[in-house]
Amino acid sequence: MSPGLALVRRRLAHAPLVLALVITGCFVLLEAAPGDAVDAYVASLGGDAGFLHELRARWGLDKTPWTRFLLYLAGLATGDLGISLTFNRPVRALLLERLPITLLLAFSAMAVALLVGGILGFLAGSRPGSLRDRLASACVLALNATPSFWLGIVLVLLFAVRLRWLPSAGIETIGADYRGLARLCDLARHMVLPVLTLGLVYAALYARVLRAGMVEAWRSDFVRAARAKGIPRRRLLFAHVARNALVPLVTVVGVHGASMVGGSVVVESLFAVPGLGRLAFEAVIYRDPALLVGVVLVCALLVIILNLAVDLLYGWLDPRIELADSPS
Amino acid sequence: MTLRRRELLACSLLSALAPAGIARAEPPRRGGVLVVAADTEPRNLNPALVASNGVFFVASKVIEPLAEMAYGQGGLEPRLALAWEGSPDGLSVTFRLRSDVRFHDGTPFSSADVAFCALELWKKHQNLGRAFFKDLEAVDTPDPSTAILRFSAPTPVQLVANALPALTAVVPRHLFAGTDVLTNPHNQKLIGTGPFRFVEHRPGQFYRLERNPDYWGAPLPWLDGIVYRVLPDRGAIAAALEAGEIDLAAFSAVPLADLKRLAAVPGIAVIDKGYEGITYQLTVEINHRRKELSDVRVRRAIAHAIDREFVVRAIFLGWAKPATGPVPRFDTTFFTDEVPSYPFDRKRAEALLDEAGYPRQADGVRFRVDLLPAPWFEQTRQMGEYLREALKAIGIEARLVIKDPAGHQKAVYTDHAFDLAIGSPVYRNDPAISTTILYESGLPPGVPFSNQYGYANPEMDAVIRAAARALDPAERAALYRRFQKLAMEDLPLIPVCEFTFLTVARTRVRNVATNPRWAVSNWADCWLES
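Only a predicted model underlies this, so the values are computations on that prediction, with no experimental measurement involved.

### Comments concerning the packing of aromatic side chains
Consideration 1: This model, assessed by the stated rule, comprises 36 aromatic pairs over all chains.
Consideration 2: Here Phe103 of chain B and Phe109 of chain B contribute two aromatic rings whose centre-to-centre distance is 6.0 Å and whose plane-to-plane angle is 75 degrees, an arrangement assigned as edge-to-face. Across the pair, exposure class does not vary: Phe103 of chain B and Phe109 of chain B are buried alike.
Consideration 3: Directly above the aromatic system of Tyr41 of chain A lies the positively charged group of Arg43 of chain B, at a separation of 5.7 Å from the ring centroid.
Consideration 4: Positioned over the ring face of Trp523 of chain B is Lys61 of chain B, at 4.0 Å from the centre of the ring.

What follows is the structure, encoded as structure tokens:
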């Protein structure tokens, strides 16, 4: 069996344990938070004691935490992710509804981050210490110091309020009922600002990682040896320096890919993108265990998949990294 | 400085309203879709089951109550009911209903729908109705346009009338009878009699309503439809208004700090009317189980330590009024300002605390308290910070404990794990609906926005009980004046100021704020300039 395949098998074998930990953790954390879903619900409307009592009975909150946990697990065993108390709908349906837009946002943002970060990092790292490096590094520093909510607001004020080139929020023109290509264009127009906001902040990070990796590679023995051998600078830059610097970059991308999916609450709120991040946020605020576990499960699955992809990429980028022996 | 700010805002408001004033002569234009901002998507959108402003904001356009609030004498305007009359013994109220009304699915509206909703929805399940209609025994329907509500104990018709706008939304019986009403799909896909029909809800994105061409109030409504865009971020709402993507944001959805900037944008107006019927109060809630706080002198000292004018100026930027008692000024039927008042006076506060036997210790502190500001509004949180400083000045050290909604609800109203809290109770058109509950004793723990303060005063309870049964409106009003006086003498909680919400709208939206519950009313007469 190839080392890659063995890695996939081992990782998949570990997945159930990871997921079980995730489920238990979510439940315990939400249970430890003061107040339950009924408290969160009536905080916005009021009601008498009987009203609260009936709601608790109906939502199963009169049972002990243990019973609820076991009931949830029993449901999960049959593939049932439960009902969201906040939305009064099956968690599965909610996740399926929000996953595509979340993935679109996360992966587009990652592409922007890689493109912008890659170019800036490469420019800086290709000739460390040069004017080009200084300029690119200054850009990176500025981007890195910009919080995403601020960047988002500035982009909105500029492109939506002042210039009116792009919509300020949402993911489609309501009531337009576009079909086919027109619908895709409409979606793309709506995604420009959220993708830029999310992507640019990560671009700074990627640029720094890539530059640092390249600076280190320039100093390494094999590059010096390659140079002594008379390999042209161009080939040296792409085949040896940049390629080696990609290993730490891939690691960082793998780690942040998952947080882009689950952690873009700020961007999703600002741009009213109905994604998973807001869903997780609402699940915590409204004490909605099934929903929280559902969102976190999806994110955990994505993390597992991403990590696997990253490990497989390592082997391809740098054959010295032994897949079969790598600790996991 | 602050006066000038207020004047500035008032000026921009006047200039914004001026065209509307001139426009009276101009006939309303039919057509156009109004796009408004929404920040919540209630899990149950049926106003017959859930009486809350979040639900009404969308649902009141689709499902109507028996009557709506109105400016001017009487304060009510007929909707599904044309008239109502109470029996002399207070045991029944007879409603004469409109006979020309159809639900959006084509079935005619009749007294049977009212009877079903009253007994099966409002009384059994509605958050406010359960307590309010507890004495409702039966509803007689001698003919399709007459419904007689029968009570087991005398119930003032004045109280019933005042509850009509918020508690009596009517949905069709044939869709709910024989089903589990709480899980009925029509709690989301609303069917009512209102000027707009429910078209769709795209979760996380929008609600869409369209004009009901068969509305009983034809030629109303003027609008072709209403779209509620879900915009969870308040800064995004301000930007969307400025960008012209939405026409209106209600319920102070735009942060107060952004109002001045927005009001200066041509074509945008700030409107501070249309919420008088849902006036909120900023209050200091007090846990009487705490020995120091059970002493009325300490409570009065705290009241004296609060500079209400400052709170209005600094926290509400002028958009509020100091409160004199538990009833807001707008309700001229019940309001009285002949009550004890506690002007800002730190010396007096300190004297009262000394007198109560809590002198400053060596470290300058008299005693320590936990202060829990409710997280619902920006202003409740800011009031927490202000009160901490105000208390520090008179030697009371307050520790701010900030929780999220569920945590706050449980800590204050269930576990009583607080000393002081900042609350924001809403006054709903009659003291008996959601205000006396803050003062009466004997309520089980867990009931939100009620006396969970451990306060019990037999005299207060007696007044509240008597007023709830007083059939003569004059006698009722007199009892509620007594209630306000007692509330301010005994000071179980401290009303700080009363505030209503603001609407920010493009000036092309006309007939905004036409009644005291405008944001949660049906918007049939609202129209858009071309």
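Next comes the rest of the write-up.
### Quick look at the pairing of strand β9 (residues 206-211) of chain B
All names here are of chain B.
Consideration 1: With six bridges joining them, strand β8 (residues 196-202) and β9 adopt antiparallel strand pairing. The partner of His201 across the bridge, within β9, is Tyr207.
Consideration 2: Taken together, β8 and the strand that follows it, β9, pair antiparallel across an intervening segment of three residues, in which Gly204 is found at a positive phi of about 80 degrees.
Consideration 3: Pairing geometry for β9 and strand β10 (residues 225-230), over five bridges, is antiparallel. In the sheet register, Glu210 faces β10, and the bridge partner there is Gly225.

### Quick word on empty space enclosed by the protein
Residues and elements named next belong to chain B.
Consideration 1: Summed over all chains, the structure comprises four cavities of 30 Å³ or more.
Consideration 2: Estimated volume of the largest cavity: approximately 90 Å³.
Consideration 3: In this structure, the largest cavity is lined by 14 residues; those nearest its centre are Ala166, Gly277, Ile278, Arg428 and Arg517.
Consideration 4: When residues of the lining of the largest cavity are traced back to their parent elements, those giving at least two are α2 (53-59) and α5 (157-167).
Consideration 5: Examining the composition of the lining of the largest cavity, we find that four residues originate from one element, α5, more than from any other.
Consideration 6: Built from parts of two domains, the lining of the largest cavity gets at least three residues from each of domain 2 (67-176) and domain 3 (277-499).

### Re the side chain of Glu172 of chain A
Consideration 1: Tracing the sequence through the fold places Glu172 of chain A in the loop between α7 (148-162) and α8 (180-219).
Consideration 2: When its relative accessible area of 19% is taken as the criterion, Glu172 of chain A is described as buried.
Consideration 3: Of note is the side chain of Glu172 of chain A, whose polar atom sits 2.6 Å from the side chain of Arg202 of chain B.

### Digging into the pairing of strand β6 (residues 136-143) of chain B
All names here are of chain B.
Consideration 1: Here five bridges tie β6 to strand β7 (residues 146-151), and the two strands are oriented antiparallel to one another. Residue pairing for β7: Ala138 is matched across the bridge by Arg150.
Consideration 2: If you look at the hairpin formed by β6 and β7, you'll find two residues sitting between the two strands.

### Considering the confidence of the model for chain B
Residues and elements named next belong to chain B.
Consideration 1: On average, residues of chain B carry a pLDDT of 93, and 95% of them reach 70 or more.
Consideration 2: Between residues 1-23, whose pLDDT stays under 50, and residues either more than four places distant or in other chains, the model counts 20 contacts.
Consideration 3: ipTM for the predicted complex: 0.88, alongside a pTM of 0.90.

### What about the packing of helix α7 (residues 234-242) of chain B against helix α8 (residues 256-263) of chain B?
Residues and elements named next belong to chain B.
Consideration 1: Taken N-terminus to C-terminus, the directions of α7 and α8 make an angle of 10 degrees; their axes are 11 Å apart at the nearest point. What the angle tells us is that α7 and α8 run roughly parallel. Along the contact surface, α7 presents Ala238, Leu241 and Glu242, while α8 presents Asp258, Arg261 and Leu262.
Consideration 2: Taken together, the residues of the contact of α7 with α8 break down into three nonpolar, no polar and three charged.

### As for helix α13 (residues 405-413) of chain B
Consideration 1: Summarising burial for α13 of chain B: seven of the nine residues are buried, a large majority.
Consideration 2: All buried positions along α13 of chain B are accounted for by Ala406, Gly407, His408, Gln409, Ala411, Val412 and Tyr413 of chain B.
Consideration 3: On its buried face, α13 of chain B is in contact with α2 (37-42) and α12 (276-285) of chain A together with β13 (279-286), β15 (367-373) and β17 (420-423) of chain B.

### Considering a nonpolar patch on the surface
Residues and elements named next belong to chain A.
Consideration 1: A cluster of nonpolar side chains, namely Phe149, Trp150, Ile153, Val154, Leu157 and Val266, defines an oily patch on the protein surface of about 520 Å² accessible area.
Consideration 2: Ranked by residues supplied to the nonpolar patch, first place goes to α7 with five residues.
Consideration 3: Residue placement: Ile153 occurs in helix α7.
Consideration 4: You can call Ile153 partly exposed: its relative accessible area is 37%.

Here is what the cut-offs are and how they apply
Residues numbered from 1 in each chain as written. Chains lettered and ligands numbered in written order. Predicted model: local features only at pLDDT ≥ 70, side-chain atom pairs only at ≥ 80, totals over all residues. Heavy atoms only, no water. Phe/Tyr/Trp six-rings, centres within 6.5 Å; stacked < 30°, edge-to-face > 60°. Buried < 20%, exposed > 50% of the residue type's maximum accessible area, 1.4 Å probe, protein only. Lys NZ or Arg CZ within 6 Å of the ring centre and 35° of its normal. Pairing = 2+ DSSP bridges. Helix = DSSP H or I, 4+ residues; strand = E, 2+ residues; numbered from the N terminus. 1 Å grid on protein atoms, 1.4 Å probe; cavity = no way out; pocket = protein on both sides within 12 Å on 5 of 7 lines; lining within 4 Å. Points joined across faces, edges and corners; volume = space filled by probe spheres on them. Domains from an automatic or database assignment. Polar contact = N/O pair within 3.5 Å; in protein donor to acceptor, adjacent residues only side chain to side chain. pLDDT = per-residue confidence, 0-100. Contact = heavy atoms within 4.5 Å. Axes fitted to C-alpha atoms, helices over the stretch in contact; angles between N-to-C directions. Parallel < 35°, antiparallel > 145°, perpendicular 65-115°, else oblique. Nonpolar A, V, L, I, M, F, W, Y, C, P; charged D, E, K, R; others polar. Patch = residues over 30% accessible without salt bridge, like charges linked within 9 Å, V, L, I, M, F, W, Y side chains within 5 Å. Areas by Shrake-Rupley, 256 points an atom, 1.4 Å probe, with all protein chains shown as cover. Salt bridge = Lys/Arg side-chain N within 4 Å of Asp/Glu carboxyl O.

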